[in-house]
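Results of the structural survey
Take a look at the letters that make up each chain.
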Amino acid sequence: MSTIIKCTSDCLLNNLFKSIVARGISPPSSRQLSSKQVMENEKKFHANNYEPVPIVLSKGQGVDVWDVDGKHYLDFLGGFASLNQGHCHPRILKALMDQASKLHHTSRSHYNDVLWEFSEHITKLTGFDKVLEMNTGVEGGETAVKLARLWGYKKKKIPANEAIVLFARGNFWGRTLAAISSSVDPWMYENFGPYMPNLNLVDYNNLEDLEKALQNPNVCAFMVEPIQGEAGVVVPDKGYLEGGRRLCSAHNVLWIDDEVQTGLGRTGKMFCHQHHDNARPDVMILGKALAGGVYPVSAVVADSDVMDCFTPGTHGSTFGGNPLGCKVAVTAVDVICDEGLVANADKMGHIFRNELQRSLPKEKVSLVRGMGLLNAIALNTDFCSPWDFCIKLRDNGLVTRPCKANIIRFAPPLIINESQLNQGLEIIVKTVNDL
């Protein structure tokens with residue numbers, strides 16, 4: 001009987017995989033609903049914690065997505081920069097299916113035969129000694145903050161319960177109680193207090209403000225995004241990260257580099273801090289594209305003198321380090337390296353910004369900024385609200401959404417080619433000109 005069951009299971013998995021690879025879609029639902037019905041049902045049964053752009057996607061392949069009515073769009077949001085490898089990449093899906101058919105979960109109560117492979121892969125990629133895997137980006141941030149506090153007490157000898165972690169104003173790293181406690185956005189923190197203490201703020205891109213805050217001997221870490229994504233793709237001045245590195249070293253403070261959105265090729269380097277000389281962090285956080293948007297995997301990397309502050313029982317996760325996530329992440333990273341996605345992001349990013357700077361009327365779009373394939377435009381709201389602009393983009397066949405204030409973010413998959421990029425550019429320019 002077990003042989004029959006195994007054979008049947010293998011056949012089903014193989015057929016499912018062939019269908020996914022061939023068409024880039026999952027088996028159809030038994031109920032085909034219209035876009036309006038899907039949105040109404042979600043509002044009826046799901047918590048009202050997001051305001052999605054009104055489009056119901058049902059299929060994706062590479063840079064292309066389709067809604068339930070069969071209309072085609074270019075995806076220029078990329079799952080908030082988690083789909084660096086594109087939708088339904090066949091190598092990543094094959095790794096998922098192969099591993100799922102063997103062993104998908106163990107918890108960390110036992111060893112599994114994939115975690116070591118993931119750990120070796122990530123440490124070699126990043127150049128750090130050790131890695132601690134989690135699931136989501138915000139869990140990675142929480143892990144880094146926890147590690148920094150532990151290091152502060154064990155190594156820097158900060159008095160108990162007095163460790164301080166600095167954050168830059170405008171940061172976004174999630175919506176946990178710790179993350180909102182370091183936010184300046186009222187939507188994030190209002191009505192959720194009391195807040196976690198000793199998460200203090202300094203101005204972004206301001207070394208003088210950072211140096212002043214570092215005078216406090218109880219500061220154990222400074223956590224910062226090398227580009228502030230949710231704040232509107234804010235790129236700091238040249239020298240900011242290098243200066244922050246020097247200041248943290250001078251004051252015996254850990255620099256935590258939040259590369260959840262900017263890492264893994266997004267900005268035209270494997271990691272965004274590599275755009276800056278002598279700016280190696282002490283701790284780095286990865287997430288989003290680490291498993292190609294197929295599975296939630298995040299990671300914190302550090303050298304042994306920092307990471308070894310953790311000992312058995314001091315941190316963990318039921319699903320962190322599970323064999324399915326690890327195998328998917330290994331393959332997703334290999335795709336980035338093998339397919340030249342870092343170099344492609346750099347090349348396509350230059351084309352994207354140059355064309356928009358040349359083509360967009362300054363009275364409607366005041367600036368174009370970004371790095372690699374993490375870019376944004378600032379829209380003159382006298383012509384159109386950012387939300388309405390994204391609806392117009394949708395109508396013209398391109399999907400994204402606003403981030404802060406009047407900023408529209410563009411983060412297409414890094415597999416995008418020049419023809420697809422030009423299609424997207426034509427849509428953006430047309431939409432602006434039609435305002």
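Overview of the structure. The structure displayed is predicted, hence computed values, not measured ones.

In this section: the overall build of the chain. In terms of regular secondary structure, the chain is built from 15 helices and 14 strands. The buried share of the chain, reckoned over its 435 residues, is 52%. Put simply, of all contacts in the chain between residues at least 6 apart along the chain, 73% involve residues at least 24 apart. Accessible surface, the chain as shown: approximately 20,000 Å² in total, 53% of it carbon and sulfur. Side chains of the chain carry 44 positive and 47 negative charges; the gap between the two charge centres is 3 Å.

Let us now look at the packing of helix α5 (residues 115-126) against helix α12 (residues 323-338). Put simply, α5 and α12 touch, their axes get as near as 8 Å, and they point 30° apart. Here α5 and α12 pass one another in a crossing that is left-handed. Together, L115, E117, F118, H121, I122 and L125 of α5 and C326, K327, A329, V330, V333, D334 and C337 of α12 make up the contact between the two elements. Partitioning the contact of α5 with α12 into residue classes produces 9 nonpolar, 1 polar and 3 charged.

The first and last C-alpha atoms of helix α6 (residues 137-154) sit 26 Å apart over 18 residues, in line with the 26 Å expected at 1.5 Å per residue. Three or more residues of α6 are buried, namely V138, G140, G141, T143, A144, V145, L147, A148, W151 and G152.

Our next topic: the pairing of strand β14 (residues 407-410). Because side chains alternate across β14, one face comprises the buried residues I407 and R409, and the other comprises I408 and F410, equally buried. Where strand β12 (residues 374-379) meets β14, 4 bridges bridge the pair, whose relative direction is antiparallel. Residue A376 lies in a different strand from β14, and its bridge partner there is R409.

For any pair of aromatic rings, the description consists of the separation of the ring centres together with the inter-plane angle of the planes. Considering all chains together, one arrives at 5 aromatic pairs under this definition. When the centroid spacing of 6.0 Å and the interplanar angle of 90° are considered together, the rings of Y189 and Y195 count as edge-to-face. Residue classification places Y195 among the partly exposed positions, given a relative accessible area of 39%. Taken together, a centroid distance of 5.4 Å and an interplanar angle of 70° make the contact between Y204 and Y240 edge-to-face. With a gap of 36 residues between them, Y204 in the loop between β6 (199-202) and α9 (207-213) and Y240 in helix α10 (residues 240-250) connect regions that are remote in the sequence. By the burial criterion, Y204 is buried, and Y240 matches it. Among the aromatic residues, those joined into a ring-pair cluster are F76, F352 and F410. The lysine or arginine in question, K59, covers the ring of W66, its NZ or CZ lying 4.6 Å from the ring centre. When the ring centre of F128 is taken as reference, the NZ or CZ atom of R280 above it lies at 4.0 Å.

On inspection of all chains with the given rule, the structure shows 15 salt bridges. D395 serves as the salt-bridge partner of R394, at 2.7 Å between the closest nitrogen and oxygen. Several salt bridges converge on common partners, so that one network encompasses R169, D203 and D209.

Next up on the list: the side chain of E230. Structurally, E230 is set in the loop between β7 (219-224) and α10. Discounting residues that sit within four places of it in the chain, E230 has contacts with F172, Q261, C403, K404 and R409.

What counts as what
- Residues numbered from 1 in each chain as written.
- Predicted model: local features only at pLDDT ≥ 70, side-chain atom pairs only at ≥ 80, totals over all residues.
- Heavy atoms only, no water.
- Helix = DSSP H or I, 4+ residues; strand = E, 2+ residues; numbered from the N terminus.
- Buried < 20%, exposed > 50% of the residue type's maximum accessible area, 1.4 Å probe, protein only.
- Contact = heavy atoms within 4.5 Å.
- Areas by Shrake-Rupley, 256 points an atom, 1.4 Å probe, with all protein chains shown as cover.
- Lys, Arg positive; Asp, Glu negative; His and termini not counted.
- Charge placed at Lys NZ, Arg CZ, Asp CG, Glu CD.
- Axes fitted to C-alpha atoms, helices over the stretch in contact; angles between N-to-C directions.
- Left-handed = near helix turned anticlockwise from the far one by under 90°.
- Nonpolar A, V, L, I, M, F, W, Y, C, P; charged D, E, K, R; others polar.
- Expected span 1.5 Å × (residues − 1).
- Pairing = 2+ DSSP bridges.
- Phe/Tyr/Trp six-rings, centres within 6.5 Å; stacked < 30°, edge-to-face > 60°.
- Lys NZ or Arg CZ within 6 Å of the ring centre and 35° of its normal.
- Salt bridge = Lys/Arg side-chain N within 4 Å of Asp/Glu carboxyl O.

Keep in mind these numbers describe shape, not what the thing actually does.
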